[in-house]
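Structural features, examined
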Amino acid sequence: MSRSLSFPLLASIVALIALGCGDDSGGPGPDVPGRCAAFDELRQPFFGDTHVHTVLSLDANLQGTRPGPSEAYAFARGQPIGVQPYEDGNPLRTATPDPDRPIDFVMLSDHAEYLGTIAACNDPTSPAYDRPVPGGTSCADYRDESQVDQVFVLLNGLTASSPEGVEYPALCGSDLGGDCIEAGKDVWTQVQEAAEAVYDRSDSCKFTSFVGYEWSAGPGAVNLHRNVMFRNDIVPDLPISYFDEPYVEDLWAGLREQCIDTDTGCDALAIPHNSNLANGTFFEKLMKDERPFDIDYALLRNELEPVIEIFQHKGASECFPGQAISDELCGFEILPYSSLAAVNLQAFSDPDPSDFVRGALGEGMKLELELGVNPFQHGIISSTDTHISTPGYDDEKTFLGHGGAGQPNRDSLPEGFPDIQYLNPGGPAGVWAEENSRNAIFEAFRRRETFGTSGPRIVPRVFGGWDLPSDLCDSPDLARIGYEQGVPMGGELSDAPVGGTPKFVVSAKRDPMGAPLQRIQIVKGWLDGGDYQVEVYDVAGNPDNGASVDLATCEPQGNGAADLCAVWEDTAFEPTQHAYYYVRVIENPTCRWSVRQCVDANYDCDNPTTQFDFDCCDPTVGLNVAFCDSVAAGLTGDEAACCRTDDPTSSTKVTFCDAVAQTLPAADGQCCLPRLETAIQERAWTSPIWYRPPS
Amino acid sequence: MLRALIHFFLIGALLFAAKVIFAGDDGDRPEITVRIPPDATEAEVDREIEDQILLNQARHYRWYLGDPVIFTHLVRNMRFIEPDSTDDDLTLFKRALEMNMQEHDPVVRARLLYRAREALTYVPKDRMPTREDLEEHRTAHRDRFEREGKVRFEHVFLSGTKRGEALASDAVAMRAQLEALGDAAPTELGDPLPALRAVQSSTISQVKAAYGAELAGVVDEGVVGSWRGPVPSVYGVHFVRVLEKEPSSVPALTIIEAEVRADLLSEIEEELSKERMEVLRDAYVVHVERTP
């Protein structure tokens, strides 16, 4: 197995020559509003993925991921790609995007820390290529297949160093990582060129790409990562990595200095994710010098981090079950781990409740009372965090595993699930924007008119205002009235009229390929004096609609709604209290991906041997494929005929399978783990609307 | 960057000159013997042959002489072998060459191979696509750059969830109402649905993704100016009137130049690499020995 880059460094050099020496074409012109034929001033929903890793990320690279940016974009635009494991250079699995579920925008977010390291270690012209690193990890170690696991821990583990001690890998040279930084320049150019080559600048506006990267701070193996997203093709010379700036406020300062404040048209924001894996540190209210937040810090965080990923491969970060506020839906896709390291080591440990977004929204309002600025005023998105170069690949039915913190599947087809059973396929980032262009989508992020889902293309919408008509759900002009008389998701309400109460018009439509909707909820959080309170209201649909799913077949049972709409008034509103309101749209129950794979494999937890029977006679099912293939390949004569018979009740076959079932890999036992969710209720979350009382 | 570019120019030129240099009779052609395991696949055999040829080329032109990485590496080897030597680097390097170290060292081999393979894909200035080339490529491969046609249509929706059992009768009434409108716009008719507009411009694929195949088919087949419906979807029923159809098209080069350039450069690199490798293979007499 090779771990070299999938496309040569030379491509960027060639393209650079082309850019520098080519004739003057005049270019496509500026990305001005109204460029797209489908421009809609009342905005339209677009789905994307702003968290995608390719071969350029060290962890993905070491896990056998080979597709690079171009292939990742090809996948996003509808082309199947091969994914690991590889045999004789050929991929053994194929990821196939659903042609009826297109994705509108993508940002590749390869880890900034190792963009140059991988390039240097694959480029014999780099001094790092052959540099000995006594007692440390060298490029030769990186290229040594037999050391891949060790290198993964030692190199990738550098991002778990404390901020005071973090530094570039020794293989990069003594000049503050100079050789890797140098090598990284070409890679960063490749990232930009790949994005430019697929950005649809015609008026069709079919696909939008963003240049970006991931700043991967993990001190003590907790997750403090941020994805950095650029508005357009004007970007700094190099990404800022954890090795360059180990404190998040210095990342923000760097983005201001190198981009936002340069007056070049460069603009950027940072997207936090996986607060659930930070061991209680993600929303700590301390700056790098251990002092409490000051106004400057709060302003910077508010400005540069308008949205947060609430859901992705590594679980949900909305709310933690069992808190003071009863919310039975908080148990959805909660990881049984408290940090990144715990995921890697599969060391069960409950997450810290303070790491969840709902708590941070309350803490943010408290800080606003002190500082006048809310540093945790986060809008909401989801993404996949795929490490196999498959943007938007979030369907529970076709999940191949995402690698990264999950299962690598580098060397062989998975026996059992293709990923750690507690992880999930992730979901899309949603925006309401005028058109599918970089400017319009970036602006949507900036004003927090965003939402996330756990996978389905549910489309939620909400407007809040003081005078919204109570019959707004009957009006086809809902959106126009909503904007004219209120604010959308991500907005702020203020100037409450005397005696007035806020009204919210909430609506949602189901994914046409997903399950019907069960209900819409509004989650309200407010400050009562110094106390943070939360209440969850069912405002549309029916939580007792009786819908369920047959876990033996994954067939849905009962009815739900195709669309829901309601105007809800907060009759408990108190104009002196800070508050927020976000919308949660809940689907009817469906099978989780892990249950689907067990059902496809005919796995019966009450009688495991029957699974082997079917599985080995049809080794195309999802579980234990390699094992069953190997068993089937070893069968001859009557045994083979028996195993291939269409009659699953054949006594000979059952006897044979009963005997061989003793060797069934433990992987299938995962189907019956009591801790795994079985039926799930997929969902969408909108950004909150905040209410700010007069100061 | 500049250093690398100079190398690529030189390497590209040298490789390309192979045909001229080895263009004589078979007797003049260099011979190589490639030893491979008995169970090697055809692809593995090809790969090994190519590696041997490229290495031979690189050594023939003594690329190792001007290579800073090989220089450093061989000097380091020599200092390991002769820890007490007081000779300078150049002397040690020369001694390494006298010992033929460059022939057997795996790092030297890897570096030479890497440079040779990079050289194969190098695009010289005279092969860089011109604007005319890009335009030709755009025209010749319209399917790669084509944008789907768009339809602008009026859209009225009745929600199944909201209207329940009355949906069918409401649909009949709505159809009559729409017919009575004549050419007038259906202002304020129907139910809201997130993202649904009274007038929208979409591709058929977008309509299909949003509302399903049936409505997409009706919009696709719709005659301009006529109301169609009720058309069922998972959401309820829809009425559509096509206002304008815009056929599929390929955007002008000025708009999609980066996309066309990337596609063409990728083709050129592949083509050049193949061409150059073929030239080199023709220039050699290759013997394959399958040895355990």
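Residues numbered from 1 in each chain as written. Chains lettered and ligands numbered in written order. Predicted model: local features only at pLDDT ≥ 70, side-chain atom pairs only at ≥ 80, totals over all residues.

All right, on to the overall build of chain B then. Helix and strand content of chain B: 14 helices and six strands. In terms of C-alpha radius of gyration, chain B reaches 34 Å, well past the compact-globule figure of 19 Å for 292 residues. Across its three principal directions, the C-alpha atoms of chain B cover 100 × 45 × 45 Å. With 292 residues in all, chain B has 33% of them scored as buried. Across chain B, the fraction of contacts at a sequence separation of at least 24, relative to all contacts at a separation of at least 6, is 70%. (Helix = DSSP H or I, 4+ residues; strand = E, 2+ residues; numbered from the N terminus. Rg over C-alpha atoms; globule rule 2.2 N^0.38 Å. Buried ≥ 20, exposed ≤ 12 C-beta atoms within 10 Å, placed from the backbone. Contact = placed C-beta atoms within 7 Å.)

Within chain A, the regular secondary structure consists of 18 helices and 27 strands. Across the 695 residues in chain A, those meeting the buried criterion constitute 58%. Intrachain contacts of chain A at a sequence separation of at least 6 include 73% that bridge at least 24 residues.

We now examine the sheet that holds strand β17 (residues 503-509) of chain A. Residue and element names in this part refer to chain A. Overall, antiparallel pairing links the four strands, which are arranged β15-β14-β17-β22 in an open sheet. Both outer strands of the open sheet, β15 (487-488) and β22 (563-569), are each paired with one neighbouring strand and no more. Inspection of the sheet shows strand β14 (residues 459-465) paired to β17 by seven bridges, in the antiparallel sense. Its bridge partner being in β17, Pro-460 is matched across the sheet by Ala-508. (Pairing = 2+ DSSP bridges.)

Residues and elements named next belong to chain A. All of the buried residues in helix α9 (residues 295-304) are Tyr-297, Ala-298, Leu-300, Arg-301 and Leu-304. Considered in projection along α9, the buried side chains sweep an arc of 165° and stay on one side of the axis. Close packing links the buried residues of α9 with α8 (248-258), β8 (268-272) and α11 (357-371). (Arc of directions from axis to C-beta.)

Taken together, the contact pairs 51 residues of chain A with 53 residues of chain B. Among the elements of the structure, α1 (9-21), β1 (44-52), α7 (178-198), β14, β17 and β22 of chain A are those that each provide at least two residues to the side of chain A that touches chain B. In terms of residue count, the dominant contributor to the side of chain A that touches chain B is α1(A) (six residues). When the residues that make up the side of chain A that touches chain B are grouped by side-chain class, the tally is 27 nonpolar, 10 polar and 14 charged. (Nonpolar A, V, L, I, M, F, W, Y, C, P; charged D, E, K, R; others polar.)

Domain annotation of chain B identifies domain 1 (2-139 + 257-290) and domain 2 (148-246). Taken over C-alpha atoms, the centre of domain 1 of chain B sits 62 Å from the centre of domain 2 of chain B. (Domains from an automatic or database assignment.)

Right, let's talk about the sheet that holds strand β11 (residues 379-382) of chain A for a bit. Where strands meet in a sheet, backbone hydrogen bonds hold them as pairs that are either parallel or antiparallel. As summarised here, the arrangement of the three strands in space is β10-β9-β11 (chain A), forming an open sheet in which the pairing is mixed. Every other strand in the sheet has two partners, leaving β10 (315-316) and β11 of chain A as the edge strands with one partner each.

Moving on to the nonpolar core. Residue and element names in this part refer to chain A. Within the largest apolar cluster, 218 residues are counted, with the highest numbers of intra-cluster contacts made by Ala-120, Met-229, Ile-441, Val-505 and Val-506. With 10 residues, the single largest contributor to this core is α7. When sequence neighbours within four positions are dropped, the list of residues in contact with Val-505 reads Val-462, Phe-463, Leu-468, Leu-472, Cys-473, Leu-478, Gly-482 and Val-567. Val-549, Cys-591, Val-599 and Tyr-603 belong to the second largest nonpolar core, which has eight residues in total. (Core = buried A, V, L, I, M, F, W, Y, C linked by C-beta atoms within 7 Å.)

Moving on, we come to unusual backbone geometry. Note that the residue after A:Gln84, namely A:Pro85, is joined by a cis bond; omega there is 5°. Assignment of secondary structure puts A:Pro85 in strand β2 (residues 81-87). Put simply, B:Gly229 and B:Pro230 share a cis peptide bond, and its omega is 10°. Along the polypeptide, B:Pro230 turns up in strand β4 (residues 227-233). The phi dihedral of A:Asn279 is positive, around 55°, even though this residue is not glycine. Following the sequence through the fold, A:Asn279 ends up in the loop between β8 and α9.

Before going further, it helps to examine the environment of B:Arg276. Checked against the element boundaries, B:Arg276 lands in helix α14 (residues 253-283). Along the chain, B:Arg276 and B:Leu120 lie 156 residues apart, while their C-alpha atoms are 6.4 Å from each other.

All names here are of chain A. Most of β17 is tucked away: seven of the seven residues are buried. Burial along β17 is two-sided: Lys-503, Val-505, Ser-507 and Lys-509 and Phe-504, Val-506 and Ala-508, pointing in opposite directions, are all buried. Direction of pairing for β17 relative to β22: antiparallel, over a ladder of seven bridges. Bridge pairing in β22 places Lys-503 opposite Glu-569.

Residues and elements named next belong to chain B. Between helix α4 (residues 68-81) and helix α5 (residues 89-98), the least distance of the axes is 8 Å, while the angle of their chain directions is 85°. Considering the angle they form, α4 stands roughly perpendicular to α5. For the pair formed by α4 and α5, the contact residues are Phe-71, Leu-74, Val-75, Asn-77, Met-78 and Arg-79 on the first element and Asp-89, Leu-92, Phe-93, Arg-95 and Ala-96 on the second. Here the contact of α4 with α5 is composed, by residue class, of seven nonpolar, one polar and three charged. (Axes fitted to C-alpha atoms, helices over the stretch in contact; angles between N-to-C directions. Parallel < 35°, antiparallel > 145°, perpendicular 65-115°, else oblique.)

Residues and elements named next belong to chain B. When you line up the elements, Thr-187 lands in the loop between α11 (167-181) and β3 (199-203). Accessibility expressed as a C-beta count within 10 Å gives 9 for Thr-187, which makes it exposed. As for Thr-187 and Val-156, which are separated by 31 residues in sequence, their C-alpha atoms are 9.3 Å apart.

Once that is clear, we can look at the confidence of the model for chain B. Residues and elements named next belong to chain B. Averaged over all residues, the pLDDT of chain B is 87; the fraction at 70 or higher stands at 91%. Counting interchain partners and residues more than four positions distant, the pLDDT-below-50 stretch residues 1-14 has 15 contacts. Across the assembled chains, the prediction reports ipTM 0.82 with pTM 0.85. (pLDDT = per-residue confidence, 0-100.)

Residue and element names in this part refer to chain A. Within the secondary structure, Arg-438 is located in helix α12 (residues 438-446). Overall, the presence of 22 C-beta atoms within 10 Å leaves Arg-438 in the buried class. For Arg-438 and Asp-531, which are 93 residues apart along the polypeptide, the C-alpha to C-alpha distance reads 40 Å. With residues up to four places along the chain from it excluded, the contact list for Arg-438 reads Asp-31, Thr-208, Phe-210, Arg-231 and Asn-232.

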